[in-house]
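So you can see what is in the structure, the chains are spelled out below.
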Amino acid sequence: MTLVLPSIAERLKSVQARINAACREHGRDSAELCLLAVSKTKPAALVAEAARAGQRHFGENYLQEALAKQVELANEPGLESLHWHFIGPIQSNKSRAIAENFSWVHSVDRVKIAERLSAARPAKLEPLNICLQVNLDAEPSKSGVALNQLVELAQAVAALPRLKLRGLMAIPAPQQAFEQQRQSLARLSQAQRQLQAEGLALDTLSMGMSADLEAAIAAGSTMVRVGTDIFGPRQANAPAH
Ligand SMILES: *Cc1c(COP(=O)(O)O)cnc(C)c1O
């Protein structure tokens, strides 16, 4: 009898193989790379399938959808220790539920949201891990703090008691060529080094998606956020970010 792996497990394996190959090619230690599986718009059953294949970190963009999946998976044996990352735009009236139900938030781009997350983070939980989202290409339609306002935001967030500032996140404007992707992403690494020079102890660069994870690893990523190449394409009419 031949053993047929479930397709999510196979896809996870091939994404992990791409990560390992990119680490070898660019002189990175693959132990420094965390794979975040982006499960937005996908059913809880697929998250469970990925979790049974060993995946622990999941990224979600839409609060209500994410909470529904968390509830659905909470009673599944073996799936208690999943880490949920909120990676979508944050409306301030959602900040309490985000602070209560996630261990990471990658999309903080305003002091006001950070203050609300800190105030709402329950005392019984670890401080909430935060990445600041940077609008690298200054695209007017996109979320993210401008590069020239980043230091000020980072210092304000680092001072909040119930948050732990971990690093930066970006979604660069799409580029096809590896070298262009790498150059674009390298600007986030450079911004991270500037913050470190200001005395901020940051250890996370959240960059790289299905189409540019190799370039992101070349440019210093420590956390790649992969949706399509793990869970398959999303419906075209799903809300886009
Ligand atoms: C959807 C999404 C991803 C995953 O993108 P893919 O191209 O499907 O891998 C990563 N990061 C963020 C912030 C997203 O919204």
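Draft legend 1. Region of interest: the overall build of the protein chain. The helix and strand inventory of the protein chain stands at nine helices and eight strands. Along the first, second and third principal axes, the C-alpha atoms of the protein chain reach 60 × 40 × 35 Å. Residues classed as buried in the protein chain amount to 48% of the 241 residues present. Of the contacts formed within the protein chain by residues at least 6 apart in sequence, a portion of 63% connects residues at least 24 apart.

Draft legend 2. Structural view of the pairing of strand E3 (residues 83-86). Two elements, strand E2 (residues 57-60) and E3, share four bridges in a ladder whose sense is parallel. For phenylalanine 58, the partnering residue across the bridge sits in E3 and is tryptophan 84. The handedness of the E3 to strand E4 (residues 104-108) crossover, carried by helix H4 (residues 95-101), is right-handed.

Draft legend 3. Quick look at the pairing of strand E5 (residues 128-134). Within E5, seven of the seven residues are buried, leaving the element largely enclosed by the surrounding structure. Burial along E5 is two-sided: the residues Leu128, Ile130, Leu132 and Val134 and Asn129, Cys131 and Gln133 are all buried. For E4 and E5, the ladder comprises three bridges, and the chain directions are parallel. Residue pairing in the sheet places valine 105 in a bridge with isoleucine 130 of E5. In this fold, the crossover linking E4 to E5 by way of helix H5 (residues 111-120) has right-handed handedness. Taken together, the seven bridges between E5 and strand E6 (residues 163-170) define a ladder with parallel strand orientation. Counterpart to cysteine 131 in the pairing with E6 is glycine 167.

Draft legend 4. Region of interest: the packing of helix H2 (residues 44-52) against helix H3 (residues 63-74). Taken N-terminus to C-terminus, the directions of H2 and H3 make an angle of 55 degrees; their axes are 9 Å apart at the nearest point. In terms of axis orientation, H2 runs oblique to H3. The chirality of how H2 crosses H3 is right-handed. On H3, the residues that touch Ala44, Val47 and Ala48 of H2 are Lys69, Glu72 and Leu73.

Draft legend 5. Up close: the side chain of lysine 42. Checked against the element boundaries, lysine 42 lands in the loop between strand E1 (34-38) and H2. Summary of buried charges: lysine 42 has no salt-bridge partner, and the nearest side chain of opposite charge, glutamate 65, is 9.4 Å away. Residues contacting lysine 42, with those up to four places away along its chain left out, are Glu65, Lys69, Phe231, Gly232, Pro233 and Arg234.

Draft legend 6. Highlighting unusual backbone geometry. Of note, the phi angle at threonine 41 is positive, near 70 degrees, even though the residue is not glycine. One can find threonine 41 in the loop between E1 and H2. Despite not being glycine, alanine 138 shows a phi value in the positive range, around 50 degrees. The topology assignment puts alanine 138 in the loop between E5 and helix H6 (150-158).

Draft legend 7. Looking closely at the packing of aromatic side chains. Under the criterion given, the structure shown has two aromatic pairs. Taking the centre distance of 5.9 Å and the plane angle of 40 degrees together, the rings of phenylalanine 58 and tryptophan 84 count as tilted. Of the two residues, phenylalanine 58 is situated in strand E2 and tryptophan 84 in strand E3; the sequence distance between them amounts to 26 residues. Note on accessibility: phenylalanine 58 and tryptophan 84 belong to one class, buried. Where phenylalanine 86 meets phenylalanine 102, the ring centres are 5.3 Å apart and the plane angle is 85 degrees; that geometry is what we call edge-to-face. Separated by 16 residues along the polypeptide, phenylalanine 86 in strand E3 and phenylalanine 102 in the loop between H4 and E4 bring together distant segments of the chain.

Draft legend 8. Representation of H5 in the model. Ile113, Ala114, Leu117, Ser118 and Ala120 are the residues of H5 that are buried. Each element contacted by the buried residues of H5 is listed here: H4, E4, E5, H6 and E6.

Here is what the cut-offs are and how they apply
Residues numbered from 1 in each chain as written. Predicted model: local features only at pLDDT ≥ 70, side-chain atom pairs only at ≥ 80, totals over all residues. Heavy atoms only, no water. Helix = DSSP H or I, 4+ residues; strand = E, 2+ residues; numbered from the N terminus. Buried < 20%, exposed > 50% of the residue type's maximum accessible area, 1.4 Å probe, protein only. Contact = heavy atoms within 4.5 Å. Pairing = 2+ DSSP bridges. Right-handed = clockwise from strand over helix to strand, strands pointing away. Axes fitted to C-alpha atoms, helices over the stretch in contact; angles between N-to-C directions. Parallel < 35°, antiparallel > 145°, perpendicular 65-115°, else oblique. Left-handed = near helix turned anticlockwise from the far one by under 90°. Lys, Arg positive; Asp, Glu negative; His and termini not counted. Salt bridge = Lys/Arg side-chain N within 4 Å of Asp/Glu carboxyl O. Phe/Tyr/Trp six-rings, centres within 6.5 Å; stacked < 30°, edge-to-face > 60°.

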